[in-house]
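# Topology and contacts: notes
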Amino acid sequence: MTDTRTPNVDDAEIAKFSELAHKWWDKESEFKPLHQINPLRLGYIQEFSPLSGHQVIDVGCGGGILSEALSEQGATVTGIDLAEKSLKVAKLHLLESGNQVEYRCIAAEDMATQHPAQFDVVTCMELLEHVPSPDSVVQACAQLAKPGGWVFFSTISRNPKAYLQAILGAEYLLGLLPRGTHEYARFLKPSELSRMARHAGLEVVDVRGMGYNLLDQTYHLSNQTDVNYMMACRKANP
Ligand SMILES: C[S@@+](CC[C@H](N)C(=O)[O-])C[C@H]1O[C@@H](n2cnc3c(N)ncnc32)[C@H](O)[C@@H]1O
């Protein structure tokens, strides 16, 4: 039977990340902001869930910045992405770091069909704003989680301040990210992501902002969720 589903992927997005793949572990490159926020998101995840001995899947793992940090905490980590080149870099980096992560080139939706309810923790960071149907990825993340498991998202809200900071500021004025990294229409308000999460059977436990300090050029957790934010969700335990 032919699969008539429209794949939930924007080829231009995959090409964009593939083009930069060799720079994933260069902490002064276009991926510097991801390296800078990584300790914050790891700490956030650990506020809610232990990692040691847990099965974790990192959806849209890229070069493995978060996947490796999760593995360093003793989790058994699977990383999935659709950019082959990024996964190659991720696998090569394991040789250097000695960390263990199983990387697979597969869509979240397909992984969820193959491995439903298999993971204690699902992380999906900075991915939703790069896909045509974020709700489909949210559904897949919920399906991947065990009952009682945790699902963490991070993305960017959609409002004039987010446009000014995340696109105009970060891409055009400060040059923190390459121009064209983000498309405003794909930003998601916390209320919209909460609705998607609830629809997928997840309880939204917490929403937390991530702010950037222009003066010392550092990121911090914040109660302001109107630009970058993370969400901690829990799958119901029937
Ligand atoms: C901004 S990067 C975030 C990487 C990683 N999650 C992190 O935060 O360190 C976005 C990632 O999403 C991946 N991506 C984009 N569209 C995707 C899709 N439809 N399915 C899986 N991964 C996708 C890209 O290849 C890229 O690695």
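Counting of residues starts from 1 at the beginning of each chain's written sequence and follows it residue by residue. In keeping with the predicted nature of the model, local features appear solely for residues at pLDDT of at least 70, side-chain atom pairs appear and are counted solely at 80 or more, and the whole-chain, interface and lining totals rest on all residues.

## Here's the deal with the pairing of strand β3 (residues 101-105)
Bridging between strand β2 (residues 76-81) and β3 involves 5 bridges; their strand directions are parallel. Note on β3: the bridge partner recorded for Gly 79 is Tyr 103. Crossover handedness is defined by viewing with both strands directed away from the observer: a clockwise path from the first strand over the helix to the second marks the crossover as right-handed. Every helix listed is a DSSP run of H or I at least four residues long, and every strand listed is a run of E at least two residues long, numbered separately from the N terminus. Viewed along the sheet, the connection from β2 through helix α4 (residues 84-97) into β3 turns out right-handed. Pairing between strands requires that DSSP locate at least two bridges from one strand to the other.

## Examining the site of the ligand
The ligand sits among 21 residues. The nearest are Val 9, Phe 17, Gly 60, Gly 62 and Ala 83. Top contributing element to the shell around the ligand by residue count: helix α1 (residues 11-19), with 3 residues. Along the lines of polarity and charge, the residues of the shell around the ligand split into 13 nonpolar, 5 polar and 3 charged. In this text, near has one meaning. A residue is near a molecule or strand if its C-beta atom, placed using the backbone, is within 6 Å of it. Residues are grouped as follows: nonpolar covers Ala, Val, Leu, Ile, Met, Phe, Trp, Tyr, Cys and Pro; charged covers Asp, Glu, Lys and Arg; every other residue, Gly included, is treated as polar.

## Quick notes on the sheet that holds strand β6 (residues 202-213)
Within the open sheet, the 8 strands sit side by side as β3-β2-β1-β4-β5-β8-β6-β7. Their pairing is mixed. Edge strands, defined here as strands with exactly one partner in the open sheet, are β3 and β7 (218-222). In this sheet, adjacent strand axes meet at a mean angle of 20° when their direction is disregarded. Two strands pair when backbone bridges link them, and β6 and strand β8 (residues 228-235) are joined in this way by 8 bridges, in the antiparallel orientation. Following the sheet pairing, Gly 209 is matched in β8 by Tyr 229. It is the C-beta atoms, placed from the backbone, that decide contacts: two residues are in contact if theirs lie within 7 Å. Inter-axis angles, ranging from 0 to 180 degrees, are taken between N-to-C directions of lines fitted to C-alpha atoms, where helices are fitted over the stretch in contact. Across the sheet, helix α2 (residues 32-48) is in contact with β4 (119-125), β5 (145-156), β6, β7 and β8; its angle to β7 comes to roughly 25°.

## Quick look at the pairing of β6
Note: β6 against β7, 5 bridges, orientation antiparallel. Bridge pairing in β7 links Gly 211 to His 220. Linking β6 back to β7 in an antiparallel pair, the connection comprises 4 residues, with Gln 217 at a positive phi of about 55°.

## Focus on the UniProt feature "binding site: S-adenosyl-L-methionine" (unreviewed entry) in the chain
UniProt positions are given in the numbering used here, feature names are shortened, and annotations may be inferred rather than shown by experiment. Here the UniProt feature "binding site: S-adenosyl-L-methionine" (unreviewed entry) sits at Arg 41, Gly 60, Asp 81 and Met 125. Arg 41 has contacts with Leu 66, Met 125, Ser 154 and Met 230, leaving out every residue within four places of it along the chain. Along the chain, Met 125 turns up in strand β4. Excluding residues within four positions of it along the chain, Met 125 makes contact with Arg 41, Leu 66 and Ser 154.

## Examining the nonpolar core
Note on soluble globular proteins: their nonpolar side chains tend to be buried together. To count as a nonpolar core, a set of buried Ala, Val, Leu, Ile, Met, Phe, Trp, Tyr and Cys residues must be joined through C-beta atoms within 7 Å. Any residue whose C-beta has 12 or fewer other C-beta atoms within 10 Å is treated as exposed, any with 20 or more as buried, and any in between as partly exposed, C-beta atoms being built from the backbone. Judged by nonpolar contacts, the single largest core of 66 residues is most densely connected at Ala 108, Val 122, Cys 124, Val 137, Cys 141, Leu 144 and Val 151. Ignoring any residue separated from it by four or fewer positions in sequence, one finds Cys 124 in contact with Val 59, Gly 60, Val 137, Cys 141, Phe 152 and Phe 153.

## Points about the packing of α2 against helix α3 (residues 65-72)
At their nearest, the axes of α2 and α3 sit 10 Å apart, and the two run at 40° to each other. Taken as axis vectors, α2 and α3 run oblique relative to one another. Once α2 is placed against α3, the crossing between them reads as right-handed. Taking contact as the criterion, the partners of Leu 34, His 35, Asn 38, Arg 41 and Leu 42 in α2 are, on α3, Ile 65, Leu 66 and Ala 69. For the contact of α2 with α3, the class distribution of residues is 5 nonpolar, 2 polar and 1 charged. An angle below 35 degrees is treated as roughly parallel, one above 145 as roughly antiparallel, one from 65 to 115 as roughly perpendicular, and anything else as oblique. Helix crossings are classified by the rotation of the near helix relative to the far one: an anticlockwise turn of less than a right angle makes the crossing left-handed, while a clockwise turn makes it right-handed.

## Remarks on the confidence of the model for the chain
By definition, pLDDT measures how confident the predictor is in each residue, and it falls between 0 and 100. With 97% of its residues at a pLDDT of 70 or more, the chain shows a mean pLDDT of 94. Among the prediction metrics, the complex's ipTM stands at 0.98, with pTM recorded as 0.95.

## A word on helix α7 (residues 160-173)
Here α7 is 14 residues long, yet its end C-alpha atoms lie only 16 Å apart, well below the 20 Å a rise of 1.5 Å per residue gives. Among all positions in α7, only Ala 162, Ala 166, Ile 167 and Ala 170 are buried. When α7 is viewed along its axis, its buried side chains cluster within an angular range of 105° and face the same direction. Structural note: α7 exposes Pro 160, Lys 161, Leu 168, Tyr 172 and Leu 173 on the side pointing more than 90 degrees away from its buried face. Contact partners of the buried residues in α7: β5. Note on α7: the residue one or two positions beyond its end, Gly 175, has a positive phi of about 65°. A helix's residues, less one, multiplied by 1.5 Å, set its expected span. Here the arc refers to the set of directions running from the helix axis out to each C-beta atom.

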